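# Structure assessment
What follows is the residue order along each chain.
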Amino acid sequence: MTIFEAADIYFANLQPASTLVGVLSGIVCFIRYKFDSSRVFECLVRGFAFSTLPNGLAFVFCSAYPEYISKISDSSAAFLLGGLALIFMPFAVTRVVNKFLGHSSPAVD
Amino acid sequence: MTACAYFEAAEYESYCSDDNYAAVGFFSYLDNTETSVVVGVDTEEILVMYTSYMHRIAVDKRRKIMKGYLHYDLMDVPVMIGAGFFFNSISGVSWSLVSEAAAPVGLGLAAAVAGLVIGAIVSVKARESR
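My aim in this report is to walk through the structure given alongside it, one point at a time. (Residues numbered from 1 in each chain as written. Chains lettered and ligands numbered in written order. Predicted model: local features only at pLDDT ≥ 70, side-chain atom pairs only at ≥ 80, totals over all residues.)

Moving on, we get to the interface of chain A and chain B. Contacts between the two partners involve 30 residues from chain A and, on the opposite side, 28 residues from chain B. Contributing elements (two or more residues each) for the side of chain A that touches chain B: α2 (14–32), α3 (40–50) and α5 (75–101) of chain A. The greatest single-element share of the side of chain A that touches chain B, amounting to 12 residues, is contributed by α5 of chain A. (Contact = placed C-beta atoms within 7 Å. Helix = DSSP H or I, 4+ residues; strand = E, 2+ residues; numbered from the N terminus.)

The following block contains the structure:
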C-alpha cells in the first residue's frame, strides 16, 4: 500500500476517525480517573480537544499535497473551525499575557 | 401588611436567597426600616423598596453568570474548536447512516457552531468543577 492509497482511505474516513478519537480519549480519561463522576466534565473537555487530531493531521498532509483539500469531508465546516481557532487565538493569548504581566485591561475583567 | 408579617416574610426571603451579601444588604436596610417603622412609615412602601433591591441583586447575579459563560480563556479555545469538530463529525457519521447522499453543508456548519457553544459551556463547567 502506497502512502497515497493510505491517505485516500484516511480522508474517506476522516469523520468516523474524529468521532472515534474523541470518544476513545474521553473513555480513557474516565478510566484513568477511576470512574470519578465529579471529573466527567474534565474527560469531556479532553475528548473534545483530542477530536481535533485527525483533522489536524489531514490539514498538515494537505499542506504537502493540496490536491487532497477537496477530499476533506465537509471541508467548509473544517475551514470555518480552523479559521475561528486562528481568530480566537490572539485575543485569548493577549488575555493570558496581560494576566501574567499583571496589566490591567478591560478584556481581563 | 403589618410590620410583624413583613419582618417574617423578609427573614424567610433572606434565608432562602442563599446569598450572603444579599442578606447583609437586606439587613442594612432593615436597620433603617426599623427606625422608619417606629416613626410610622408605611410597611408596604418598605416592602416595595426591599423587592426592588432584591430584584437588582438578582439581575446583577444573572449578568455575572452570563459574563462567566461569554468570557473565554486560552484553555477554552481548543475545547470549543474540538467540540466543533466532534459534533461536525458526529453529524456527518449520522447522516451517512441515514442517507447515501452527501451530507448538506448547512448541517455540518450548524453542528460545528452548536459544538462551539457546547464546548464553551463544558469548558466553563470543567473549570468550575476543579
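When the terminal C-alpha atoms of helix α5 (residues 105–129) of chain B are compared, their 36 Å separation across 25 residues agrees well with the 36 Å that a helix rising 1.5 Å per residue should span. If you check which residues of α5 of chain B are buried, you get Gly108, Ala111, Ala112, Gly115, Leu116, Gly119, Val122, Ser123, Val124 and Ala126 of chain B. (Expected span 1.5 Å × (residues − 1). Buried ≥ 20, exposed ≤ 12 C-beta atoms within 10 Å, placed from the backbone.)

What follows deals with the nonpolar core. Ranked by size, the top nonpolar core spans 26 residues in total, and within it Val45 and Phe48 of chain A together with Val79, Ala83 and Val122 of chain B carry the most contacts. Elements represented by at least two residues in this core include exactly α2, α3 and α5 of chain A together with α4 (76–98) and α5 of chain B. If near-sequence neighbours (up to four positions away) are discounted, Val122 of chain B is found in contact with Phe41, Leu44, Val45 and Phe48 of chain A together with Val79 and Ala83 of chain B. (Core = buried A, V, L, I, M, F, W, Y, C linked by C-beta atoms within 7 Å.)

Let's shift gears to the packing of α5 of chain A against α4 of chain B. Their axes nearest at 9 Å, the elements α5 of chain A and α4 of chain B cross at an angle of 170 degrees. Here α5 of chain A is positioned roughly antiparallel relative to α4 of chain B, judged by the angle of their axes. Counted together, Ala77, Leu81, Leu84, Ala85, Phe88, Met89 and Ala92 of chain A of α5 of chain A and Val77, Ile81, Gly84, Phe85 and Asn88 of chain B of α4 of chain B form the full contact between these two elements. Tallied by class, residues from the contact of α5 of chain A with α4 of chain B come to 10 nonpolar, 2 polar and no charged. (Axes fitted to C-alpha atoms, helices over the stretch in contact; angles between N-to-C directions. Parallel < 35°, antiparallel > 145°, perpendicular 65-115°, else oblique. Nonpolar A, V, L, I, M, F, W, Y, C, P; charged D, E, K, R; others polar.)

Residues and elements named next belong to chain A. Mapped onto the elements of the fold, Leu24 is located in helix α2. Taking the number of C-beta atoms within 10 Å as the measure of exposure, Leu24 has 13 and is therefore partly exposed. In sequence terms Leu24 and Gly47 are 23 residues apart; their C-alpha atoms lie 7.4 Å from each other.

None of this, on its own, says anything about what the molecule does.
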